[in-house]
Amino acid sequence: MEIHIRNLEFSFSGSPSAGKREAISESTPFRLSIPKMELTSGSHHAWVGPSGSGKTTGLRLIAGILQPQTCDSLRIGSQELNQMPSRELRLFRAQRLGLVFQDFKLLEYLNVEENILLPTRLSKSKYSVSELRERVVHLLDRVGLKNKKHRPVTQLSQGEQQRVAICRALLLRPQLVLADEPTGNLDPTSKTRIMNLLRQECSEIKSTLLVVTHDHALLEGMDSVTDFSDFYAQRQEGKSI
Amino acid sequence: MNALYLAWKYWTHYRFRSGTLTLCLALTFCAPLTLKWITSGFEKSLIRRAELTPMVLGSPGSSIDLTLHALYFQTQAPSEISYSEVDALESHQLGYSVPLFAKYQARGFPLVGTTLDYFSQRGLSITKGALFVTLGDCVIGAEVADELQLNVGDSLLATTENVFDIAGAYPLKMKIRGILSTSGGPDDRAVFADLKTTWILDGIGHGHQDLESSPVPENLTFSQSQTQIVANAALNQYTEITESNLDSFHFHGDMGDYPLTAVLIFPDNQKSRALLLGRYEGSETTQISICLEEVRGLLGMVFRAKQFFDLNHALFVGVSILFLTLTLALSWKLRQKEFDTLHQIGSPGSFVIKMLVAELVLLLIASAVLTALLSAALYGIASSLLKNSIF
């Protein structure tokens, strides 16, 4: 699934990495501007840049979690996100996107299998229950956690938790996988392992992979790398850029 | 269903937290609920018994004491009236009367002297044995039999239990003729005997060695004339009525003067009731108490006291609900990241609300079940305590 962005502008007064909830804060004025960006279908991309440069915000804009103030085009595949009502955006996110977060965002009260199956609890899936269970077993086998299917996620190491989060993102064979600093909390060995795993799995299901990172060591093997410093600007008090 | 599934998972994962909240809610509601059950049961029981006993005749004084004595045999017996009042009542031909003499006890249970009519009027039946037939027989309530482990054919000692009455009557060993079926009322915790049996305890009737046969043993006579023999304290008085000494039991004086503590009156109709009230109005030696009015008056006092407890409970429940609201609000605030995650991976906006509502419903259901169980346990304990003290 290709990504096509034209003249996207997003600004709010909070920290760019702080996200949607802090957007109403007046403390740190911020503006993100992406004049043009094309990511081809099935390819692997990385966004790099210093902390707070707006990479996470960009990812959230693509996921439809945030709405840009102005944008000529924000197209994912054949769908123009700008014109999508919120219900369709949610369905799009549930059925066609796979999201991996830096802090995994697993639910502590669910075990490994239940966490992976969580997206199917939130929206209807085209797969049957048996297909989904088979898929979970397959994914867990691939990430080396097959024997920990029923274990509470709190009993897993951070690397294992991130692998579970990747399984959850890939469960419904999404066309686009967005990974926000997926290795940010991991040790160097785990980082490489997780990135390789993510790339392999996305290649297998022919998903477009977009990874946000500030770790240049992980960029090897990526089809394209975009430096987000070019798109980000922080306003001085009262002055627009 | 998915919201409920996640709510259930959350609820069971944090068992201690959920259990504590459930217990807090259950404890908050079980006290007022139990009190409501108890007062409601108390009210029903008192009203039912009062309805079944329209009027009570007794000595002047506290009408509530008279009513409670006649209905529950628990309060101190009021001053006595004479048996002639029963004859007078019957001569009016306005209803049915059942005399009671409930002055003494048998092993801690009230001993009620009455006639066989008492059992038919109260609708009491015998589960074992038969009703009393001869002097010295008694019938015991189901709980008396259970508590004292007594059976038909056993003996039960009735005592005057008055240590100051040195010249008083002897204890009487009574034979248990029958056991009453459980009625759920004060009759379960009473011993019933014929009026004459209880009069023996009062010293009006007695049985002793035969002084009329000749020659009278000299060591038993205090004085002797042609018409009268006065025995001394060495005379053997019987403390048990048996077939062999039954004939020696006799009563002194006029039966009309024998004491009663109350007479239950069952008027034929409303007119008879009104006439009876009119006839006894202004009487200086007796009073008629209308049981239902007395009981309602008593309940009025009880419920005024209950209103205070209700207010107290309402405040307590209000504070607990505020604390619960605060706890849930803080918990939901702490879980904001979890809700954001659900939103980001595609949950509809209403999903989190459904999940929270499901959690609340689970909490309320569990609390309701626990409240019911705790209340039932408390009710069981409280009603058995109340039964021993009031009913």
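Numbering of residues starts from 1 in each chain and follows the order in which that chain's sequence is written. Think of it this way: whatever chain is written first is A, whatever ligand is written first is 1, and the rest follow in order. For this predicted model, a pLDDT threshold of at least 70 governs which residues receive local features, and a threshold of 80 or more governs which side-chain atom pairs are given and counted, while totals over whole chains, interfaces and linings are taken from all residues.

Caption draft 1: Just the confidence of the model for chain A, in detail. All names here are of chain A. Every residue gets a pLDDT, meaning the predictor's confidence in that residue, from 0 to 100. Chain-level statistics for chain A give a pLDDT mean of 81 and a share of 88% at 70 or above. Per-element confidence in chain A is highest for helix α3 (residues 112–116), whose mean pLDDT is 93, and lowest for strand β10 (residues 232–233), whose mean pLDDT is 60. Two residues qualify as a contact pair if the distance between their C-beta atoms, derived from the backbone, is within 7 Å. Predicted confidence for residues 15–26 stays below pLDDT 50, and this span has 24 contacts to residues more than four positions away or in other chains. In the model, residues 235–241 has pLDDT below 50 throughout and makes six contacts with residues more than four positions away in sequence or in other chains. Note on conventions: DSSP H or I runs of at least 4 residues are helices, E runs of at least 2 residues are strands, and numbering of each starts at the N terminus.

Caption draft 2: Representation of the pairing of strand β7 (residues 155–159) of chain B within the structure. All names here are of chain B. Three exposure classes are used, based on other C-beta atoms lying within 10 Å of a residue's own C-beta, which is placed from the backbone: buried for 20 or more, exposed for 12 or fewer, and partly exposed in between. Residues Leu156 and Ala158 point to one face of β7 and are all buried, whereas Ser155, Leu157 and Thr159, pointing to the other face, are not buried. If DSSP finds at least two bridges between two strands, the strands pair. With two bridges connecting them, strand β3 (residues 95–106) and β7 associate as antiparallel partners. Looking at the pairing, Ala106 lines up with Ala158 of β7.

Caption draft 3: Quick peek at helix α6 (residues 158–170) of chain A. All names here are of chain A. Every helix has an expected span of 1.5 Å times one less than the residues it contains. Taking 1.5 Å of rise per residue, the 13 residues of α6 would be expected to cover 18 Å, and the 18 Å separating its terminal C-alpha atoms lies within 8% of that figure. Counting buried residues in α6 gives 10 out of 13 residues, a clear majority hidden from the surface. When we look at burial in α6, the residues that qualify are Gln161, Gln162, Arg163, Val164, Ala165, Ile166, Cys167, Arg168, Ala169 and Leu170. On its buried side, α6 packs onto β6 (97–100), α3, α4 (118–122), α5 (129–143), β7 (176–180) and α7 (188–204).

Caption draft 4: Seen up close, the packing of α5 of chain A against α6 of chain A. Residue and element names in this part refer to chain A. Here an angle of 0 to 180 degrees is reported between the N-to-C directions of two axes, which are lines fitted to C-alpha atoms, with helices fitted over the stretch in contact. Where α5 meets α6, the axes come as close as 10 Å, and the angle between the chain directions of the two elements is 140°. Relative to α6, the crossing made by α5 is right-handed. Each of Leu139, Leu140 and Val143 in α5 lies in contact with α6, whose residues at this interface are Arg163, Ile166, Cys167 and Leu170. Three classes are used: nonpolar for Ala, Val, Leu, Ile, Met, Phe, Trp, Tyr, Cys and Pro, charged for Asp, Glu, Lys and Arg, and polar for all others, with Gly counted as polar. Taken together, the residues of the contact of α5 with α6 sort by class into six nonpolar, no polar and one charged. By definition, any crossing whose near helix is turned counterclockwise from its far helix by less than a right angle is left-handed, and any crossing with a clockwise turn is right-handed.

Caption draft 5: Broad picture of helix α3 (residues 63–72) of chain B. All names here are of chain B. Taken as a whole, α3 has its buried residues at Leu66, Thr67, Leu68, His69, Ala70 and Leu71. Each element contacted by the buried residues of α3 is listed here: α2 (15–52), β1 (55–58), β3, β15 (262–267), β16 (287–290) and α9 (291–334). Remark: Phe73 follows α3 within two positions and exhibits a positive phi of approximately 55°.

Caption draft 6: Quick peek at the sheet that holds strand β3 (residues 44–48) of chain A. All names here are of chain A. Taken together, five strands build an open sheet; the order of strands is β6-β7-β8-β3-β9 and the sheet is parallel. Each edge of the sheet is formed by a strand with only one pairing partner; in this case those strands are β6 and β9 (224–227). Pairs of neighbouring strands in the sheet enclose a mean axial angle of 15°, with direction left out of account. The pairing of β3 with β9 spans four bridges and is classified as parallel. Its bridge partner being in β9, Trp47 is matched across the sheet by Thr226.

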